[in-house]
Amino acid sequence: MGRVAGAHNALGAKLAVQAGLDAIWSSGFEISSAHGVPDASILTMTEYLAAAESIAQGVAPVPVIADCDTGYGNSNNVMRMVRLFEAAGVAAVCIEDKCFPKTNSFIDGKQELASVAEFVGKILAAKNAQRTREFAVIARTEALIAGWGVDEALRRADAYVRAGADALLIHDKSRTAEGIREFMQRWTPSVPVIVVPTTYPTLGVAEADALGIKMVIYANQGIRAAARAVSDTWRTIMRDGNSLAVEGEIAPLSVLFDLQGMPAHRAAEQAFDRSGAVPTRAILLHAGDHRDDPTLASLTGSVPLAALDVNGQSLVHRQVEVLRQCGIADITVVAGYRHDAVPASGARLCVSTSWPAGGEVGSLLAAPATPDAADARTLVWYGDVLVERPLIERLLATADPCTVVVDRSDRPVTPGHTTRDFVHVDDEGTASKRFLSPSAPRRVLAIGSGVDAQTANGEFAGLVLVSSSQWPVLRDQAEGMGAAAVPDLLQRALAGGLDITALEVTSGWLELRSFADYELACRLVSS
Ligand code: SPV
Ligand code: MG
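Bear in mind that the values here come from a model prediction, so they are computed numbers and not experimental data.

So, how was this worked out
Residues numbered from 1 in each chain as written. Chains lettered and ligands numbered in written order. Predicted model: local features only at pLDDT ≥ 70, side-chain atom pairs only at ≥ 80, totals over all residues. Heavy atoms only, no water. Axes fitted to C-alpha atoms, helices over the stretch in contact; angles between N-to-C directions. Helix = DSSP H or I, 4+ residues; strand = E, 2+ residues; numbered from the N terminus. Left-handed = near helix turned anticlockwise from the far one by under 90°. Contact = heavy atoms within 4.5 Å. Nonpolar A, V, L, I, M, F, W, Y, C, P; charged D, E, K, R; others polar. Domains from an automatic or database assignment. Parallel < 35°, antiparallel > 145°, perpendicular 65-115°, else oblique. Phe/Tyr/Trp six-rings, centres within 6.5 Å; stacked < 30°, edge-to-face > 60°. Buried < 20%, exposed > 50% of the residue type's maximum accessible area, 1.4 Å probe, protein only. 1 Å grid on protein atoms, 1.4 Å probe; cavity = no way out; pocket = protein on both sides within 12 Å on 5 of 7 lines; lining within 4 Å. Points joined across faces, edges and corners; volume = space filled by probe spheres on them. Pairing = 2+ DSSP bridges. Right-handed = clockwise from strand over helix to strand, strands pointing away. Near = heavy atom within 4 Å. Polar contact = N/O pair within 3.5 Å; in protein donor to acceptor, adjacent residues only side chain to side chain. Areas by Shrake-Rupley, 256 points an atom, 1.4 Å probe, with all protein chains shown as cover. Sits in = over half its atoms within 2 Å of the grid points. Core = buried A, V, L, I, M, F, W, Y, C linked by side-chain atoms within 4.5 Å. Expected span 1.5 Å × (residues − 1).

**Examining the packing of helix α5 (residues 116-129) against helix α6 (residues 149-162)**
Logical step 1: Axis separation between α5 and α6 bottoms out at 10 Å; the angle between their running directions is 35°. Note that α5 runs across α6; the crossing there is right-handed. Along the contact surface, α5 presents V116, F119, V120 and I123, while α6 presents E152, R155, R156, A159 and Y160.
Logical step 2: Looking at the contact of α5 with α6 residue by residue, the classes come out as 6 nonpolar, no polar and 3 charged.

**Some thoughts on the domain arrangement of the chain**
Logical step 1: Along its sequence, the chain is carved into domain 1 (2-222), domain 2 (227-272) and domain 3 (280-524).
Logical step 2: Computed from C-alpha atoms alone, the centre-to-centre distance between domain 2 and domain 3 is 50 Å.

**Notes on the packing of helix α1 (residues 10-18) against helix α3 (residues 45-59)**
Logical step 1: It is at 8 Å that the axes of α1 and α3 come closest, and there the two elements cross at 40°. One element, α1, and the other, α3, form an angle in the oblique class. Viewed along their axes, α1 and α3 form a crossing whose handedness is right-handed. Facing α1, whose interface residues are A10, A13, K14 and V17, α3 presents S54, I55, G58 and V59.
Logical step 2: Partitioned by chemical class, the residues of the contact of α1 with α3 number 5 nonpolar, 2 polar and 1 charged.

**Comments concerning the environment of S54**
Logical step 1: Residue position: S54 is located in helix α3.
Logical step 2: Residues S54 and I107, spaced 53 residues apart in sequence, show a C-alpha to C-alpha distance of 28 Å.

**Details of the packing of aromatic side chains**
Logical step 1: Enumeration over the complete set of coordinates arrives at 7 aromatic pairs.
Logical step 2: Between Y48 and Y72 the ring centres are 5.7 Å apart and the planes differ by 20°, which places this aromatic pair in the stacked class. A residue pair is termed long-range when its members are at least 10 positions apart, and Y48 in helix α3 and Y72 in the loop between β3 (64-67) and α4 (75-87) qualify at 24 residues. Like Y48, the residue Y72 is buried in the burial classification.
Logical step 3: Geometrically, the ring pair formed by Y337 and W355 is tilted, given 6.1 Å between the ring centres and 50° between the ring planes. One end of the pair, Y337, is in the loop between β12 (330-335) and β13 (348-351); the other, W355, is in the loop between β13 and α15 (359-366), with 18 residues separating them in the sequence.

**Some details on empty space enclosed by the protein**
Logical step 1: Enumeration according to the criterion identifies 3 cavities of 30 Å³ or more in this entry.
Logical step 2: Estimated volume of the largest cavity: approximately 140 Å³.
Logical step 3: Taken together, 16 residues make up the lining of the largest cavity; nearest its centre are F29, N104, R140, H171 and A219.

**Considering the sheet that holds strand β5 (residues 136-141)**
Logical step 1: In spatial order, the strands read β1-β2-β3-β4-β5-β6-β7-β8; together these 8 strands close into a barrel with parallel pairing. Each strand of the sheet is rotated relative to its neighbour by a mean of 25°, with strand direction disregarded.
Logical step 2: Where strand β7 (residues 193-195) meets strand β8 (residues 215-218), 2 bridges bridge the pair, whose relative direction is parallel. Opposite V195, over in β8, you have V216 as the bridge partner.

**Quick look at the pairing of strand β6 (residues 167-170)**
In the case of a regular strand, side chains alternate between the two sheet surfaces.
Logical step 1: Taking every second residue as pointing to the same face, both faces of β6 are buried, with A167 and L169 on one and L168 and I170 on the other.
Logical step 2: In this sheet, β6 lies alongside β5 in parallel orientation, the contact comprising 4 bridges. Across the sheet, the residue bridging to I138 is A167, located in β6.
Logical step 3: For the crossover that starts at β5, traverses α6 and ends in the parallel β6, the hand is right-handed.
Logical step 4: In this structure, β6 lies alongside β7, joined through 2 bridges in parallel fashion.

**Structural notes on the site of ligand 1**
Logical step 1: In the vicinity of ligand 1, 14 residues are found, and the nearest of them are S27, F29, D67, R140 and H171.
Logical step 2: F29 has a polar backbone atom sitting 2.7 Å from an oxygen atom of ligand 1.
Logical step 3: A distance of 2.9 Å is found between an oxygen atom of ligand 1 and a side-chain nitrogen or oxygen belonging to H171.
Logical step 4: Coverage of ligand 1 by the protein chains reaches 100% of its 280 Å² of free accessible surface.
Logical step 5: Given that more than half its atoms are within 2 Å of the pocket grid, ligand 1 belongs to the largest cavity.

**Examining the nonpolar core**
Logical step 1: Among the nonpolar cores identified, the biggest contains 65 residues, and F85, V93, Y160 and F183 are the most heavily contacted of them.
Logical step 2: With 8 residues, α3 is the single largest residue contributor to this core.
Logical step 3: If we skip the residues at most four places from it in the chain, F85 touches M45, Y48, L49, A52, A66, C68, Y72, V90 and V93.
Logical step 4: Of all hydrophobic cores here, the second largest spans 59 residues; its members include A335, L379, V385 and V444.

**Quick notes on α5**
Logical step 1: In this model α5 runs 20 Å from its N-terminal to its C-terminal C-alpha over 14 residues, within 8% of the 20 Å that 1.5 Å per residue would give.
Logical step 2: Among the residues of α5, V116, F119, V120, K122, I123, A125, A126 and A129 are the ones counted as buried.
Logical step 3: Residues of α5 that are buried make contact with α4, β4 (92-96), β5 and α6.

**Focus: the pairing of strand β2 (residues 23-26)**
Logical step 1: Of the two faces of β2, the one lined by A23 and W25 and the one lined by I24 and S26 are each fully buried.
Logical step 2: With 4 bridges joining them, strand β1 (residues 2-7) and β2 adopt parallel strand pairing. Pairing of A5 across the sheet is with I24, part of β2.
Logical step 3: Considered for its hand, the β-α-β crossover made up of β1, α1 and β2 is right-handed.

Written out as structure tokens, the structure reads:
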């Protein structure tokens, strides 16, 4: 049994969805009331369409049924109406068999019905105009509203279903559900039947279900509740001369912020706003041939590691994507081994002419000496390391002259990994099996091949961020160093007075140094 809530705007629709209603009825009565005009074809289709579209966007993917009155004219109007409402994202339209201009079904006086032939024509036109298979056209008969009785309702229901209506709405304004009961007992529906139990509120979902009804629409309870509550609130404020008494009765602002979608708005702002970010360029070191590990050599025998397919995308593509998502556009990939096969789209490709003799430092020197933006920091990233975006974001949030990412988990060395880039972090007095990231980052005391396994309390994770002022200093030292690894260059700079701090982590990165690492990467990385 579908329970559908009437609404005239996205706010009312969201409240209904939060309460568990299954779908929304974009109600002509509510929309008219919200404009302060009678529900009597006074508003035009444009206004009903705007309301329905706003509701559909507000509650998507919850389905919205648009109450389209008589279809706003004849069959030609109906066809345009269907195209526009379908394009606006509503799931179904409902048209009723009254004459234009209509009046609300509960208004006393004449309720003039259209002929069956005329209304059948509108249904045919509507079904003909829809673009997608899922879109539904609901035919509503007002035979009981007009006082023409159940026989006439049955005759019309049959004709409308034969014309292709996807569901039938049988409307009534009696104080009891007798007419609806008789209709359901006498009709063998081949399409879902919908009722609007406004004047016969005792008809509950259990009985409706037992009668074979598939959907009930609570078409106007929302706006009636609002009218009472809003009116009471203003009267109280006018009586008291202040709003104290109503404070506990009305929704706090935070409820409205949530309904507006402020939390998602904030998150998007943070994700996409680049205005406060310090400009940074990245250098991805991809020169190595990675053939020292025999298990990996089978893969890297003919392709560079950068081109290795990790769950549908090359390794270097994944790295460039993460950098771009972090707002870094100035990206250099330094290639050496099979540089012709490094797929560096989205980045600048530099070939290290000193490879393999020049080592990692040779690769670093192959990248442009200065970033595109003079004040940009330089992020150096080992090509054989996969990194999660949050880790890069944490690194970019640091503001020290030089920060290295240090893994502090005491992982056993994976079989086949003969070397580890050890780091000695100053954790004097705080050393423990577990740790919390300190608010003041810890200093690196030593890094590189000079640190032995006993002194080491961390491992270099293949990421360094260097400030724009320290980068030229580091590069000068690299020039005078010859072939060396990045940690050894850092050690040299450290000895020369550079302050290096550690961004301590226990996860978020994965090196690809064996076939087992590669298999793990393919399992862990989403496709
Ligand atoms: C509406 O909500 O506009 C309807 C249902 O058409 S009713 O007002 O109950 O007729
Ligand atoms: Mg209506």
